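Report on the structure
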Amino acid sequence: MITMVEFYKALADDTRLHALLLILAEGELCVCELGEALGCSQPKVSRHLARLKQDQLVIDRKQQQWVFYRLNPLLPTWCSEVLTTSLSCKSADFTECVSRLTTMKDRPQKCC
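Residues numbered from 1 in each chain as written. Predicted model: local features only at pLDDT ≥ 70, side-chain atom pairs only at ≥ 80, totals over all residues. Heavy atoms only, no water.

**A closer look at the overall build of the chain**
The helix and strand inventory of the chain stands at six helices and three strands. Moving toward the C terminus, one meets the helices and strands of the chain in the order α-α-β-α-α-β-β-α-α. For 112 residues, the compact-globule estimate of 2.2 N^0.38 gives 13 Å, and the C-alpha radius of gyration of the chain, at 13 Å, lies within 12% of that figure. Considering only C-alpha atoms, the chain reaches an extent of 35 × 30 × 25 Å along its principal axes. Burial status across the chain gives 40% buried among its 112 residues. Relative to all contacts within the chain whose residues are 6 or more apart in sequence, the contacts with residues 24 or more apart total 67%. (Helix = DSSP H or I, 4+ residues; strand = E, 2+ residues; numbered from the N terminus. Rg over C-alpha atoms; globule rule 2.2 N^0.38 Å. Buried < 20%, exposed > 50% of the residue type's maximum accessible area, 1.4 Å probe, protein only. Contact = heavy atoms within 4.5 Å.)

**So, the pattern of salt bridges**
Pairing of side chains with opposite charge becomes possible as their charged atoms draw close. Throughout the structure, instances matching the rule amount to seven salt bridges. Across the pair Asp60 and Lys53 runs a salt bridge whose closest N-O atoms are separated by 2.9 Å. Linking Glu96 and Arg100 is a salt bridge whose minimum nitrogen-to-oxygen distance equals 2.6 Å. Here Glu96 pairs with Arg100, and both are found in helix 6 (residues 92-102), just four residues apart, close to one helical turn. Residue classification places Glu96 among the partly exposed residues on the basis of a relative accessible area of 46%. Here the residues in one salt-bridge network are Glu26, Glu33 and Arg107, joined through shared partners. (Salt bridge = Lys/Arg side-chain N within 4 Å of Asp/Glu carboxyl O.)

**Some words on the nonpolar core**
Leu22 and Leu34 are the most contacted members of the largest nonpolar core, which totals 30 residues. When residues of this core are traced back to their parent elements, those giving at least two are helix 1 (4-11), helix 2 (14-26), helix 3 (31-38), helix 4 (42-54), strand 3 (66-71), helix 5 (77-87) and helix 6. At five residues, helix 2 tops the list of elements feeding residues into this core. Here Leu22 is in contact with Leu29, Leu34, Ala37, Leu38, Phe94, Cys97, Val98 and Leu101, once residues within four sequence places are set aside. (Core = buried A, V, L, I, M, F, W, Y, C linked by side-chain atoms within 4.5 Å.)

**With respect to the packing of helix 1 against helix 5**
Axis separation between helix 1 and helix 5 bottoms out at 11 Å; the angle between their running directions is 25°. Relative to helix 5, helix 1 is oriented roughly parallel. Note on packing geometry: the crossing formed by helix 1 with helix 5 is right-handed. When helix 1 is examined against helix 5, the residues Met4, Phe7, Tyr8 and Leu11 are found in contact with a partner set consisting of Trp78, Cys79, Val82 and Leu83. Looking at the contact of helix 1 with helix 5 residue by residue, the class counts come to eight nonpolar, no polar and no charged. (Axes fitted to C-alpha atoms, helices over the stretch in contact; angles between N-to-C directions. Parallel < 35°, antiparallel > 145°, perpendicular 65-115°, else oblique. Left-handed = near helix turned anticlockwise from the far one by under 90°. Nonpolar A, V, L, I, M, F, W, Y, C, P; charged D, E, K, R; others polar.)

See below:
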């Protein structure tokens, strides 16, 4: 499982941090939703998600043409607590990400 240093290195990038917080807030998001919320291209979001997946912070599932990401349920408790506490801070840049996500048109429908 992830070490403390690896965890904080993953959070040190604002794109990865905001992606994790958005996934925590929503439960599950696809690349297109994260791209819209973060204001980033699909390749950039995919690259950051690959790093989060490599670090075992997120897991994914495929549904039709979409790949949905969610937090790894096997995350150590302390990691989940750090993310939950960070989510409660509601920084201005994160609030802007949430706003972009909530106004996104044609969001994919989840089966589960």
